[in-house]
Amino acid sequence: AFKYVTRVNKLADESGDLIMINKARIMMGFTLLSSGLFKESLDILNNIQPDRHDTATLCEYYTVIARTCYDLADYNNDDHYAKVYRKTGTQYLDSAIHLLDDNTPEYWSAVGLRKMKLNDLKGSSDAFNYLISKYELPDHELAIATSSLGHVYSLLGRTNEAIDMLAQAAIA
């Protein structure tokens, strides 16, 4: 994936199109995040200056940088830095939620993640259940939603439902 996202970034740079460059950088940040390279992801993402008029890219930017902060907090799992990263992640996710239409799966996915990270497990469960029941999600998004819901159920002690959701995530 890194090879291809590097090529996308090169092509975007050659085009000189700022929107394409920003999208390519967000893809790079997501690829690094997915590889566990959180600081490298933040280095890329923190150098993006997204166009305030390109709402779709702006929402994607806020969501990816929020996820990076949350994952870095989970990785660090200490009393100081984890709190800082969670707070920053929530601020970015709040910015995305503010821009998203509440009739979209992206909105409900972001709300579910936000509530999960703030330990509002009931609210997170409600948001992910709404997302899964209301929208026809592509397999990848369904896997993320059911995996997240499985994690929430696990934290709530609802073991059988957690297993069901994690099995659905594996199948999706």
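Residues numbered from 1 in each chain as written. Predicted model: local features only at pLDDT ≥ 70, side-chain atom pairs only at ≥ 80, totals over all residues. Heavy atoms only, no water.

> Explain the confidence of the model for the protein residue by residue, including any values.
When pLDDT is averaged along the protein, the result is 95; 100% of the residues meet or exceed 70. Looking at the elements of the protein, mean pLDDT is at its lowest for helix 2 (residues 18–34), recorded as 94, and at its highest for helix 7 (residues 121–134), recorded as 98. (pLDDT = per-residue confidence, 0-100. Helix = DSSP H or I, 4+ residues; strand = E, 2+ residues; numbered from the N terminus.)

> Quick one: what's the story with the environment of leucine 118, residue by residue and with numbers?
The residue leucine 118 is located in the loop between helix 6 (105–117) and helix 7 in this model. Remark: the alpha-carbon pair of leucine 118 and arginine 7, spanning 111 residues in sequence, is separated by 37 Å.

> Let's hear about the packing of helix 5 (residues 81–99) against helix 6: which residues, and what values?
Two elements in contact, helix 5 and helix 6, have axes whose closest approach is 10 Å; the angle formed by their N-to-C orientations is 155°. What the angle tells us is that helix 5 and helix 6 run roughly antiparallel. Of the two possible hands of crossing, helix 5 and helix 6 adopt the one that is left-handed. Seen from helix 5, the contacting residues are Arg86, Thr90, Leu93, Asp94 and Ile97; seen from helix 6, they are Tyr107, Ala110, Val111, Leu113, Arg114 and Lys117. Residues that form the contact of helix 5 with helix 6 fall into these classes: 6 nonpolar, 1 polar and 4 charged. (Axes fitted to C-alpha atoms, helices over the stretch in contact; angles between N-to-C directions. Parallel < 35°, antiparallel > 145°, perpendicular 65-115°, else oblique. Left-handed = near helix turned anticlockwise from the far one by under 90°. Contact = heavy atoms within 4.5 Å. Nonpolar A, V, L, I, M, F, W, Y, C, P; charged D, E, K, R; others polar.)

> Tell me about the pattern of salt bridges, and please be specific about residues and values.
Inspection of the entire model under this criterion finds 9 salt bridges. A salt bridge links glutamate 14 to lysine 10; the nearest nitrogen and oxygen atoms lie 2.6 Å apart. A residue pair is termed a helical-turn pair when its members lie 3 or 4 positions apart in one helix, as glutamate 14 and lysine 10 do in helix 1 (residues 2–15) at 4 residues. The class of glutamate 14 is exposed, set by a relative accessible area of 52%. (Salt bridge = Lys/Arg side-chain N within 4 Å of Asp/Glu carboxyl O. Buried < 20%, exposed > 50% of the residue type's maximum accessible area, 1.4 Å probe, protein only.)

> I'd like a rundown of the nonpolar core, residues and numbers included.
Ranked by size, the top nonpolar core spans 17 residues in total, and within it Leu42, Leu45 and Tyr61 carry the most contacts. The set of elements that each furnish at least two residues to this core consists of helix 2, helix 3 (38–45), helix 4 (55–76) and helix 5. Residue contributions to this core peak at 8 residues, all from helix 4. When sequence neighbours within four positions are dropped, the list of residues in contact with leucine 42 reads Ile65, Thr68, Cys69, Leu72 and Tyr85. (Core = buried A, V, L, I, M, F, W, Y, C linked by side-chain atoms within 4.5 Å.)

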